[in-house]
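Commentary on secondary and tertiary structure
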Amino acid sequence: QVQLVESGGGLVQAGGSLRLSCAASGRTFSTYAMGWFRQAPGKEREFVAAISRSGGSTYYADSVKGRFTISRDNAKNTVYLQMNSLKPEDTAVYYCAADITPVVVTTRTYEYDYWGQGTQVTVSS
């Protein structure tokens, strides 16, 4: 069993920054790939960013590329999402997720095995 707890969400003005954190427990963190997803009201959950077990490979949705950075600290069992130049359209609940048997790093929601409870990010214009 893997427990994921997100933190760092909040209200920020357009152009501002936030850093989300996701603390993991229950299994060896360095053995699984991690992802960040988001869901806005009335919309489907969508991929934001993902990172490999070692942190050597990262992937981003086109909508956040160049503005968001995913990273991980395996010693702290934590994955981060640094969000810069935030836009109102980034407003959503952000979820971290763990793929405990990664073959390749995936952007597909259904391939992730464990999910956090989510943290709200609201960007005002």
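Nothing here was measured: the structure is a model prediction, and the numbers come from that model.

What follows covers the sheet that holds strand 8 (residues 78-83). Hydrogen bonds between backbone atoms are what pair the strands of a sheet, whose relative direction is either parallel or antiparallel. Taken together, 4 strands build an open sheet; the order of strands is 1-3-8-7 and the sheet is antiparallel. Every other strand in the sheet has two partners, leaving strand 1 (3-7) and strand 7 (68-73) as the edge strands with one partner each. For this sheet the average axis-to-axis angle between neighbouring strands, irrespective of direction, equals 15 degrees. Examined bridge by bridge, strand 7 and strand 8 share 6 bridges and lie antiparallel to one another. Residue pairing for strand 8: Phe 68 is matched across the bridge by Met 83.

Attention shifts here to the state of the cysteines. One pass over the structure, following the stated rule, counts 1 disulfide. In this model, Cys 22 is linked to Cys 96 through a disulfide, with the two sulfur atoms separated by 2.0 Å. One quick way to see it: the torsion about the S-S bond of Cys 22 and Cys 96 is about 50 degrees, and its sign makes the bridge right-handed. On the criterion of sequence distance, the pair formed by Cys 22 in strand 3 (residues 18-25) and Cys 96 in strand 9 (residues 92-99) is long-range, its members being 74 residues apart. With respect to class, Cys 22 is no different from Cys 96; both count as buried.

Bringing the nonpolar core into the picture now. Counting 37 residues, the largest nonpolar core has Leu 4, Met 34, Trp 36, Leu 81, Met 83 and Tyr 94 as its most contacted members. Sorting the residues of this core by element identifies strand 3, strand 4 (33-39), strand 5 (46-51), strand 7, strand 8, strand 9 and strand 11 (119-124) as the ones contributing at least two each. Once residues within four sequence positions are removed from consideration, Met 83 is found in contact with Gly 16, Ser 17, Leu 18, Leu 20, Arg 67, Phe 68, Tyr 94 and Val 121.

Criteria and cut-off values
For every chain, the first residue of the written sequence is number 1, and numbering continues from 1 onward in sequence order. Per-residue local features are limited, in this predicted model, to residues with pLDDT of at least 70; the limit for side-chain atom pairs, both in listing and counting, is 80 or more; totals at the level of whole chains, interfaces and linings are taken over all residues. The side-chain quantities take in all heavy atoms of the structure and omit both hydrogens and water. Only strands that DSSP links by at least two bridges are regarded as paired with each other. Secondary structure elements are taken from DSSP: a helix is a run of H or I of four residues or more, a strand is a run of E of two residues or more, and numbering for both begins at the N terminus. All axes are obtained by fitting lines to C-alpha atoms, using only the stretch in contact for helices, and the reported angles, taken between N-to-C directions, cover 0 to 180 degrees. Any two cysteine sulfur atoms within 2.5 Å of one another count as a disulfide. Buried, partly exposed and exposed residues are distinguished by accessible area as a fraction of the type maximum, computed with a 1.4 Å probe on protein chains only: under 20%, between the cut-offs, and over 50%, respectively. Grouping buried Ala, Val, Leu, Ile, Met, Phe, Trp, Tyr and Cys residues that are joined through side-chain atoms within 4.5 Å yields what is termed a nonpolar core. What makes two residues a contact is simply this: any of their non-hydrogen atoms within 4.5 Å.

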